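Observations on the three-dimensional arrangement
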Amino acid sequence: SRALKPVVSVALQNGAKNFSTTSEMKIKVAVLGAGGGIGQPLSLLLKQNPLISHLALYDIAPFTPGVAADLSHLDTPVKVTGHKGPEQLCDALTDSEVVVIPAGMPRKPGMTRDDLFNTNASIVRDLTLCIASCCPKAIIAIITNPVNSMVPIASEVMKKAGVYDPNRVLGVTTLDIVRSSTFVGEINGVDPRTVKVPVIGGHSGITIIPLLSQSQPPCKLTDPAQIDKLTKRIQEAGTEVVKAKAGFGSATLSMGYSGARFCNAILRGLKGEQNVVECAFVKCSLAESEYFATPITFGKNGMDKVLGYGKINEYEQKILSQAMPELLKNIKKGVEFAKK
Ligand code: NAD
Ligand code: LMR
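Residues numbered from 1 in each chain as written. Chains lettered and ligands numbered in written order. Predicted model: local features only at pLDDT ≥ 70, side-chain atom pairs only at ≥ 80, totals over all residues.

**What to know about the overall build of the protein chain**
This is how it is decided: Think of it this way: any DSSP run of H or I at least four residues long counts as a helix, any run of E at least two long counts as a strand, and we number them from the N terminus. The globule rule used here is 2.2 Å times the number of residues to the 0.38 power, and the radius of gyration it is set against is calculated over C-alpha atoms. With C-beta atoms placed from the backbone, a residue is labelled by how many other C-beta atoms lie within 10 Å of its own: buried for 20 or more, exposed for 12 or fewer, partly exposed between the two.
Assigned secondary structure in the protein chain consists of ten helices and 15 strands. In terms of overall dimensions, the protein chain is globule-like: its C-alpha atoms have a radius of gyration of 19 Å, near the 20 Å expected for 340 residues. For the protein chain, the C-alpha atoms occupy an extent of roughly 55 × 45 × 40 Å along the three principal directions. For the protein chain, buried positions account for 50% of its 340 residues.

**Section: the UniProt feature "binding site: substrate" (unreviewed entry) in the protein chain**
Filter applied, for reference: UniProt positions are given in the numbering used here, feature names are shortened, and annotations may be inferred rather than shown by experiment. Residues are scored as being in contact if the C-beta atoms we place from backbone atoms lie within 7 Å.
Taking the UniProt record as the reference, the feature "binding site: substrate" (unreviewed entry) is found at R107, R113, N145 and R179. Among the secondary structure elements, R107 is positioned in the loop between β8 (98–101) and α4 (117–134). Once you skip the residues sitting within four places of it in the chain, R107 turns out to touch R113, L116, V242 and S250. For R179, the location among the structural elements is in helix α6 (residues 174–188). Discounting residues that sit within four places of it in the chain, R179 has contacts with I234 and A237.

**Section: the environment of E156**
Position of E156 among the secondary structure elements: in helix α5 (residues 147–160). Its 21 C-beta neighbours within 10 Å are what place E156 among the buried residues. For E156 and G201, which are 45 residues apart along the polypeptide, the C-alpha to C-alpha distance reads 20 Å. Discounting residues that sit within four places of it in the chain, E156 has contacts with V335, A338 and K339.

**Some details on the site of ligand 1**
Here is the rule: Should the C-beta atom of a residue, placed from the backbone, lie within 6 Å of a molecule or strand, that residue is near it. Under the grouping applied here, Gly and all other residues not named as nonpolar or charged are polar, the nonpolar ones being Ala, Val, Leu, Ile, Met, Phe, Trp, Tyr, Cys and Pro and the charged ones Asp, Glu, Lys and Arg.
Taken together, 32 residues lie around ligand 1, and G36, G37, I38, A103 and N145 are the ones closest in. Ranked by residue count, the leading element in the shell around ligand 1 is α4, at three residues. A per-class count over the shell around ligand 1 returns 17 nonpolar, 13 polar and two charged.

**Description of the UniProt feature "domain: Lactate/malate dehydrogenase N-terminal" (unreviewed entry) in the protein chain**
Under the feature "domain: Lactate/malate dehydrogenase N-terminal" (unreviewed entry), the UniProt entry names residues 27–171. Counted over residues 27–171, helix gives 37% and strand 21%. Its end C-alpha atoms are 20 Å apart.

**Re the pairing of β8**
Condition: Strands were regarded as paired on the criterion that DSSP finds at least two bridges between them. Orienting the strands away from the viewer, one traces the path from the first strand over the helix to the second; a clockwise path indicates a right-handed crossover.
By the alternation rule, side chains of β8 split into V98 and V100 and V99 and I101, which are all buried. Bridging between strand β5 (residues 27–32) and β8 involves three bridges; their strand directions are parallel. Its bridge partner lying in β8, V31 is registered against V100. Pairing of β8 with strand β9 (residues 139–142), which is carried by four bridges, proceeds in the parallel orientation. Its bridge partner being in β9, V99 is matched across the sheet by I140. Handedness of the β8-α4-β9 crossover: right-handed.

**Observations regarding helix α8 (residues 237–245)**
Where we set the bar: The arc under discussion is defined with respect to the helix axis, by the directions toward the C-beta atoms.
For α8, every residue scored as buried is listed here: A237, G238, V241 and V242. Projection of α8 onto a plane perpendicular to its axis shows the buried side chains occupying an angular sector of 145°, all on one side. Looking at α8, the residues exposed on the side facing more than 90 degrees away from the buried face are E240 and A244. Where α8 is buried, its residues contact α6 and α7 (224–235). Note on α8: the residue one or two positions beyond its end, A246, has a positive phi of about 50°.

**Section: the site of ligand 2**
Within the structure, ligand 2 sits among P106, R107, R113, N145, L175, G238, T239, V241, V242, S250 and A251. Taken together, the residues of the shell around ligand 2 break down into five nonpolar, four polar and two charged.

**Overview of the pairing of strand β7 (residues 79–84)**
Bridge count for strand β6 (residues 52–59) against β7 is six bridges, and the pairing is parallel. In the strand pairing of β7, D59 is matched with K84.

**Description of the nonpolar core**
Keep this limit in mind: To define a nonpolar core, we join buried Ala, Val, Leu, Ile, Met, Phe, Trp, Tyr and Cys residues through C-beta atoms within 7 Å and take the resulting set.
With 98 residues, the main nonpolar core has V31, V98, V99, I101, I140, A141 and I142 as its most contacted residues. Counting residues per element, this core draws most heavily on helix α9 (residues 253–270), at eight residues. The contacts of I140, once residues within four sequence positions are left out, are V99, I101, I131, A154, R168, V169 and L170.

**Observations regarding unusual backbone geometry**
Along the chain, N145 connects to P146 via a cis peptide bond; the corresponding omega equals -5°. Of note, P146 is situated in the loop between β9 and α5. Between Q216 and the following residue, P217, the backbone shows a cis peptide bond with an omega angle of -5°. When you line up the elements, P217 lands in the loop between β12 (208–210) and α7. Positive phi is not limited to glycine here, since D95 has a value of about 75°. Locating D95 in the fold gives a position in the loop between α3 (89–93) and β8. One non-glycine residue with positive phi stands out, namely N275, at about 60°.

**Focus: helix α10 (residues 314–339)**
Operational definition: Between the first and last residue of a helix there are one fewer steps than residues, each counted as 1.5 Å, and that sum is the expected span.
For α10, spanning 26 residues, the distance from its first C-alpha to its last is 37 Å, which sits close to the expected 38 Å at 1.5 Å a residue. Where α10 is concerned, the buried positions are E316, I319, L320, A323, L327, N330, I331, G334 and A338.

Below, the structure is given as structure tokens:
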């Protein structure tokens with residue numbers, strides 16, 4: 001499914017190094033939920049990614065072919081196709097090597113991410129069932145909330161279908177890292193793109209554990225009360241946006257940006273680039289839970305290595321212990337739903 005193209009040097013987006021290859025393998029990417037608040041800006045960014053040959057946009061919304069027609073007018077070489085309704089899903093998925101899923105309901109003020117479970121669990125289950133039959137080897141990047149439960153659901157569906165590869169089912173937590181870099185960049189008075197802060201655990205409230213002690217360059221805050229305040233701001237940043245949007249959804253633009261960055265990391269790994277690092281919520285044995293957000297590297301089969309989180313301080317150890325029961329509960333809920 002990958003077309004071989006002549007030698008090129010491509011400038012990869014989002015801070016990636018210039019990177020020459022002897023043969024350029026172009027890749028089909030499907031976005032499921034492409035008509036939504038995240039799906040549209042995410043697709044806009046992916047249309048500009050030189051590693052993609054074909055972008056298949058799928059949504060149940062009737063205007064999806066219109067989104068595809070609109071994007072197809074951008075003067076980039078990526079072919080864009082629009083697919084609406086379940087009968088067109090397999091067309092979108094066939095030959096896709098990466099499938100990004102932002103399909104599902106967003107929060108309204110007063111809701112937790114777990115309150116989305118009942119609506120979004122069956123959406124992710126049904127989409128994953130189609131992936132299992134139409135493109136079982138695709139790398140799946142799950143944005144839909146609650147991520148802590150959706151990754152276990154997708155994994156169980158793939159297991160039942162006999163096509164599960166834990167390296168290919170990834171929960172997208174990049175927005176937590178993007179926010180941490182932004183906030184520390186503001187505090188330190190530096191370009192946030194030069195700041196790296198690993199975020200581990202999961203993607204909801206207290207399960208979001210920013211490792212500010214590992215910030216590079218070091219975060220200027222030293223007072224424990226200020227560190228605690230910043231940690232809570234990162235954990236509640238999604239809620240900050242939900243409140244500010246006052247009933248009209250949650251983070252979409254910053255998530256589109258973060259989703260495109262995560263997708264680019266997958267693509268760079270597929271192309272054989274080494275040492276591409278992002279955090280993701282993945283199956284691993286780092287903690288008591290079956291799934292955990294951690295820095296990972298990418299390769300030709302999706303996740304290549306679990307890098308782990310190294311040395312953490314007493315405060316981070318405490319908030320991690322406090323988060324674990326919630327994370328275990330979220331994961332169990334997803335596994336039990338899929339096993340039903
Ligand atoms: P949205 O309502 O704007 O868009 C969702 C889209 O999904 C809609 O176009 C809808 O038609 C589509 N959809 C619904 N059911 C579908 C199905 N069965 N198949 C295909 N498409 C379907 O919502 P949004 O703001 O784009 O958010 C989407 C999801 O992403 C939410 O669950 C939200 O909580 C989550 N989210 C996650 C993160 C993260 O960091 N992982 C960040 C922001 C939002
Ligand atoms: C976020 O972190 O912005 C997303 O998970 C959306 C939400 O509901 O907060």
